[in-house]
Amino acid sequence: MNRTCYAGEVNDCLLGKKVTLCGWVQRQRDLGGVIFIDLRDRSGIFQIVFEPESCEEELLRIAKNIRSEFIIEVVGIIRKRSNPNPNLPTGYLEMLASELTLLNESETPPFLITDNTDAKEDLRLVYRFLDLRRPFLQKNVIFRHEVVKAIREFLYKEGFIEIETPMLIRSTPEGARDYIVPSRIYQGKFYALPQSPQLFKQLSMIAGFDKYFQIARCFRDEDSRSDRQPEFTQLDLEMSFVNEEDIYDITERLFCNIFKTCLNVNIQTPFQRISYLKALTEYGTDKPDIRFEMKIEDYSDLFKESSFPVFQKTIEDSGRILGIKIADGSNYSRKEIENLQEWMKEQQRSFRLQETGFIWLKSNNQEIQGTIKKYVSITEASLLNGRIKETDLLVLLAGKESEISSQLGVLRNHIAKTAKLIDKNDFKFCWITDFPLFKWNEEEQKIETEHHPFTQPNMDDYREGYLSEEKEKALKCRARCYDLVLNGIELSSGSIRNHDPKIQYKILEIIGMSKAEIDRRFGFLLDALKYGAPPHGGIAPGIDRLVMIMLGLDSLRDVYAFPKTSTGLCLMTKAPSEVDKEQLAELGINLVSKNVEKKETG
RNA sequence: GGGGUUGUAGUUCAGUUCGGUUAGAAUGCCGGCCUGUCACGCCGGAGGUCGCGAGUUCGAGUCUCGUCGGCCCCGCCA
């Protein structure tokens, strides 16, 4: 290695010194006599100058033929620039070259390698190795490394043991679709790629490792989104002899440490705790963004005698009239209010939601104005004046509670975004607690687990007999389960697990598995629980999402070195691909042609 | 499985309404000139399977049907 320092790290200390830089040519500017080359490496850009007065002819000849993305090694003296470039951190210095080695040429790249490149993302994904040269992605990839490093260092200090768990595992029937891998030795049988190391981390606890973690790759064969990739990384963490408080404590200290180390941001602790029901009632979602207030409030009582037909109907149908107050919304123009109405309608149409009227009211000198002004009685007006300020704009929806509260939840986020209520540098965590253990699947008419079937029920509810096949009882049973939400995005779920095999059996039975099926699929786990399983629990924060939020980005693809498209393709390697007939034959696999399938089903 | 949107020089786009001569621009690339640029400048040049395949038509980048990609979203994601 001849390089003596990185391009972005050249500073005053090196003035007058001879240094060697290696890297890529960002740009060459040949002014006829003097030639400039901007050299780029992962640290930044530095200007090299070649002068006819002080450079040999051969050196000038090589420099003249240098093109973008050529790889060069250059030696020279660092000096101050007579006309600094304020746009570059190193713009006040330059190197007067004395030696130049062309290490490799480059074809003209298909797109400009700078942060404000004009190429579209699909092209950049084909040439991801070029895209990754852009400072933006270099910064993201390195930042991600810093986050993972901070996590490891913190957990090592806390006495956690890093354990690798297998990638080729038994297919688990519950939850997301598995990626499956055919077995050659056992034809007709398949491994699955893990959706998470869930069972192995529990088994690690039973094995006595006490505090486990892993930066684990997880695979789920479901459709992607901008915040979802088919393979993703979790910090998987589990501890024995713990309750919820222990998990909250270690998680809060971990995140404080990550944000302090990587962003120099102080995170407020303890994280606010919000029960699942309260989250749904006040925020209309189980992943509330608590960076702003604007909570959902119930106005049903206020309008119970209303002369407005829609309200009358709603009250009759035991629906609700819910609303949010937009602070400083009273000065919204007609146009702004219309835009909100239009946006709401659009949402309802495209998500096929119940179409409710959009009602707005405001108070001006004690006088109520708005869509249903003429229906507001004197009593109602005075009650309203007690609840809204002159600066507020009140938006009301009437209908079935579950529907309108989630719509208000979405509206709440929309307003916060458009009214710029959110500070980009604000990070607010909260715990969502007291989730139900089960939920009702209307389509299949069966009970399912809300989180996963290894979550322990709330022991009070267990003693009340709610752990039952009876739907009414089961749906009342709370779980020892918690979500960690950051800025309105679900970062993580965790729970205290079942260590009592009887309870574990019961839960699997309630979700409709026969004893034989339980033994076949989860026999190893239930066996393990019988041989001295300690109480244990854990959590598994998503690293990709965490890094995305920390960097203020909207797309997960910007925090993966090598992401897939929204349809699960790797445009660079063209995966997935067909395989040789021989490979399939070895696995005992016959392909069913797509056309045949179409004929049969059509 | 469904909805929306998109595909034209290497790249980003215009042209599609209402079919009609040789498909344009910017940028990049190549050549020449240029001694302080930094998105260098000036002059010149090359560069096109209009995603692919059928169809309608005297004639299709433009209309119809199919198909293959990209992006966003619903469903799905214990």
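Report on the accompanying structure. (Residues numbered from 1 in each chain as written. Chains lettered and ligands numbered in written order. Predicted model: local features only at pLDDT ≥ 70, side-chain atom pairs only at ≥ 80, totals over all residues. Heavy atoms only, no water.)

Two strands pair when backbone bridges link them, and strand β1 (residues 18-30) and strand β4 (residues 71-80) are joined in this way by 7 bridges, in the antiparallel orientation. Bridge pairing links Gly-23 to Ile-72 in β4. For β1 and strand β2 (residues 35-41), the ladder comprises 6 bridges, and the chain directions are antiparallel. Across the sheet, the residue bridging to Arg-27 is Asp-38, located in β2. Between β1 and β2, which pair antiparallel one after the other, the connecting turn spans 4 residues, and Gly-32 there sits at a positive phi close to 100°. (Pairing = 2+ DSSP bridges. Helix = DSSP H or I, 4+ residues; strand = E, 2+ residues; numbered from the N terminus.)

It is worth spelling out the sheet that holds strand β17 (residues 429-433) at this point. Reading across from one edge, β6-β9-β10-β22-β21-β20-β17-β11 is the order of the 8 strands in this open sheet, with mixed pairing throughout. Looking at the sheet topology across the chains shown, the edges are occupied by β6 (161-162) and β11 (272-275). The pairing of β11 with β17 spans 4 bridges and is classified as parallel. Considered in β17, the bridge of Ser-275 is made with Thr-433. Running over the sheet, helix α7 (residues 276-283) touches β11 and β17 and is turned about 90° from β11. (Contact = heavy atoms within 4.5 Å. Axes fitted to C-alpha atoms, helices over the stretch in contact; angles between N-to-C directions.)

Turning our eyes to something else, we now look at the protein's contact with RNA strand B. Looking at RNA strand B, there are 47 residues lining it, with Arg-27, Glu-51, Glu-53, Arg-81 and His-451 nearest. Sugar plus phosphate: this is where 55% of the atoms of RNA strand B within 4 Å of the protein reside. A distance of 3.4 Å separates a sugar or linking oxygen of RNA strand B from a polar atom in the backbone of Gly-175. The contact in question runs from a sugar or linking oxygen of RNA strand B to an N or O atom on the backbone of Glu-450, over 3.4 Å. Ranked by the residues each element gives to the surface near RNA strand B, the list is headed by β1, at 3 residues. (Near = heavy atom within 4 Å. Polar contact = N/O pair within 3.5 Å; in protein donor to acceptor, adjacent residues only side chain to side chain.)

Tracing the backbone through its elements, the reader meets Gln-369 in strand β15 (residues 367-370). A relative accessible area of 24% places Gln-369 in the partly exposed class. On a C-alpha basis, the gap between Gln-369 and Ile-510 in space is 53 Å, while along the polypeptide they are 141 residues apart. Residue contacts for Gln-369: discarding those within four places in its chain leaves Trp-360, Leu-361, Lys-362 and Asn-364. (Buried < 20%, exposed > 50% of the residue type's maximum accessible area, 1.4 Å probe, protein only.)

Purely geometric numbers; function is a separate question.
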